[in-house]
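# Tertiary structure, described
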Amino acid sequence: MGCIKNENATQAETGQNGLDFNPYDIMEPRAPGKTPKNMQNGAPVKTHDVAPQGVYQPDYNILTPHMRSPEYVQMSTAAAITLGVNKGRMYRCSCTRCLNLLLTYPEGCRANCAYCGLARHREAERDYADRNFIRVDWPAVPMDVIVDKVASDGPESPFHRMCISMITHPRSDDDTVAVLKKWTSRIDPETIPVSILSNPTTMGREDVKLLKDLGADIFTVALDAATPELFDRTRGKGVQSPHKWAKYWEVLEDARDIFGPEKFGVHLIAGMGETEHDMLDVVQRVVDMGGHNHMFSFFPEQGSLMDHLPATPRDQWRRVQLGRYLIDYCGANISQMKFDDEGRVTHFGLPAGELEDVIQSGLAFRTSGCPGKVAEDISACDRPYGDSPPSDIASYPFQPDKKDIKKIRKQLGIPNRLV
Ligand code: SF4
């Protein structure tokens, strides 16, 4: 097995009608359909109630066992390969440095985010533990097996960080605490620090504080959508989903107060209908608060409510990817950048030589996320090909080489379009 998934969805060369960006009007999600009652809330899994036997490999709706956090968690295929519970190879990289753990329940995530493979509207189509998420399968593994393996590797562990991804479920807050405690009882969080990818909808300030007190290092909020309208359309009322923009910012502010500068941040997905200016404006807002931005390129996840829409054209993606890095790590400010009438970046506000140095370093184009043990601006979260196929990489899970940089410069329109 590899972590490269066969795709029906194709990579966009350009946006619809030859545009080099995805405009708001075309990025309309499908409306979610109705789920028959007997398929709701994980009923098939709970009715069959098959006991899990060790590691579960997703097999698409054939008697999925009854697995629940905190005893079980899911992990990305890349993490499973690196941990040694899956066999496989990863294109141009040997392992991932971040052990991403995802809470799991037969009821699954109760939210319905339009771009997400885990969303509730898929209940009738696939059991939760069988759903694809950011382009790959997520095997379910007993938490005891994970902790045993990582603890026995000690300082030799390939992982630079562990991350608990919460989902929208009534047990999610308590089980995140249980998973964190299980980890820190055997593994020193100074050696492998822990990040929390939170679910603000079910959380209050006390929950944020408890996670910090228990040893979590970084707290992030998956804002994903860059504007309140887009958020509501893709994660809120627009798709019968419970999330609210204001609540996400409230929890982010709690994280700022409790975790402190550089120890909190947001996830953002570029190309869902916002302008480049909208996106970089949020990036600047988060940096002004003292946090960081982890950015991904929109890719139409199979089975999601946006799987009929174009992936983010490379031009748009490279511009916001570079802009994000400049604001996050190079002291650039959106107020010095220039934009055209469509909100596209036309100037990054840096002298051409300085900009060229940043581009040539390649760091701006790598996967973004919480830092590992190499440098502040090199993410531990280098899970490969979560936002693109390997044939046209959006976020590089390794250091781009000369050939990659040449391609990136072309995508950025250098030397013709940008200076
Ligand atoms: S809350 Fe997270 S896991 Fe649940 S549907 Fe939304 S993006 Fe997916």
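Residues numbered from 1 in each chain as written. Predicted model: local features only at pLDDT ≥ 70, side-chain atom pairs only at ≥ 80, totals over all residues. Heavy atoms only, no water.

### Here we look at the overall build of the chain
Counting its secondary structure elements, the chain contains eleven helices and twelve strands. In terms of C-alpha radius of gyration, the chain reaches 20 Å, essentially the compact-globule figure of 22 Å for 419 residues. Taken over the C-alpha atoms alone, the chain extends approximately 60 × 50 × 40 Å along its principal axes. A burial count over the chain gives 61% of its 419 residues as buried. Relative to all contacts within the chain whose residues are 6 or more apart in sequence, the contacts with residues 24 or more apart total 77%. Here the chain has roughly 16500 Å² of accessible surface; of this, 50% comes from carbon and sulfur atoms. Here the chain contributes 49 positively and 57 negatively charged side chains, and the mean placements of these two sets differ by 3 Å. (Helix = DSSP H or I, 4+ residues; strand = E, 2+ residues; numbered from the N terminus. Rg over C-alpha atoms; globule rule 2.2 N^0.38 Å. Buried < 20%, exposed > 50% of the residue type's maximum accessible area, 1.4 Å probe, protein only. Contact = heavy atoms within 4.5 Å. Areas by Shrake-Rupley, 256 points an atom, 1.4 Å probe, with all protein chains shown as cover. Lys, Arg positive; Asp, Glu negative; His and termini not counted. Charge placed at Lys NZ, Arg CZ, Asp CG, Glu CD.)

### Section: the packing of helix 3 (residues 143-153) against helix 4 (residues 172-186)
Running from amino to carboxyl end, helix 3 crosses helix 4 at an angle of 30°, the nearest separation of the two axes being 10 Å. For the element pair helix 3 / helix 4, the angle class is roughly parallel. Regarding helix 3 and helix 4, the two cross each other, and that crossing is right-handed. When helix 3 is examined against helix 4, the residues Met143, Asp144, Ile146, Val147, Asp148, Val150 and Ala151 are found in contact with a partner set consisting of Val179, Lys182, Trp183 and Arg186. Classifying every residue of the contact of helix 3 with helix 4 gives seven nonpolar, no polar and four charged. (Axes fitted to C-alpha atoms, helices over the stretch in contact; angles between N-to-C directions. Parallel < 35°, antiparallel > 145°, perpendicular 65-115°, else oblique. Left-handed = near helix turned anticlockwise from the far one by under 90°. Nonpolar A, V, L, I, M, F, W, Y, C, P; charged D, E, K, R; others polar.)

### Some thoughts on empty space enclosed by the protein
Taken as a whole, this structure holds seven cavities of 30 Å³ or more when the rule is applied. Around the largest cavity, the lining comprises 49 residues; the ones closest to its centre are Phe133, Ile134, Leu197, Asp224 and His267. Considered class by class, the residues forming the lining of the largest cavity number 27 nonpolar, 16 polar and six charged. If you trace the second largest cavity, you find it lined by Ile218, Thr220, Glu262, Phe264, Gly265, His292, His294, Tyr329, Gly369, Cys370, Pro371 and Glu376. (1 Å grid on protein atoms, 1.4 Å probe; cavity = no way out; pocket = protein on both sides within 12 Å on 5 of 7 lines; lining within 4 Å. Points joined across faces, edges and corners; volume = space filled by probe spheres on them.)

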